[in-house]
Amino acid sequence: MTKQDITQRIRQALPDAVIHIDDLKGDGDHYKVDVVSQAFRGLSRLQQHRLVYGALGDAMGTELHAMMLSTHVESTSPDKDSPSPSSTS
């Protein structure tokens, strides 16, 4: 699964998401994914992660072997170009 595939699936479920993906081993199978979205506001970390894993559907565990996930809610800071997390995973 490519970074673009992961981004597309997450964006379908969370259109406002800011997504950063690192391929940890360079094999297209182990990723670190950071997702910032207002949809996470008021949700527990577990609920936030379930939203992202739900967006990936059956790809998790088949096409995508391992993913280190971090989820955050965008802060309301004046600098909108660099969202800072107010909830960490």
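Now for a quick tour of the structure. (Residues numbered from 1 in each chain as written. Predicted model: local features only at pLDDT ≥ 70, side-chain atom pairs only at ≥ 80, totals over all residues. Heavy atoms only, no water.)

Glancing now at the overall build of the chain. Across its full length, the chain carries two helices and three strands. For the chain, the α and β elements follow one another from N to C terminus as α-β-β-α-β. Taking the intrachain contacts of the chain between residues at least 6 apart in sequence as the baseline, contacts between residues at least 24 apart amount to 47%. When the accessible surface of the chain is summed, it comes to about 5,200 Å², and 50% of that surface belongs to carbon and sulfur atoms. (Helix = DSSP H or I, 4+ residues; strand = E, 2+ residues; numbered from the N terminus. Contact = heavy atoms within 4.5 Å. Areas by Shrake-Rupley, 256 points an atom, 1.4 Å probe, with all protein chains shown as cover.)

Glancing now at the pattern of salt bridges. Within the structure shown, the criterion is met by one salt bridge. In this structure, Arg-9 engages Glu-63 in a salt bridge whose closest nitrogen and oxygen atoms are separated by 3.9 Å. Of this pair, Arg-9 sits in helix H1 (residues 3-13) while Glu-63 is found in the loop between helix H2 (45-56) and strand E3 (66-72), placing the two residues 54 residues apart along the sequence. (Salt bridge = Lys/Arg side-chain N within 4 Å of Asp/Glu carboxyl O.)

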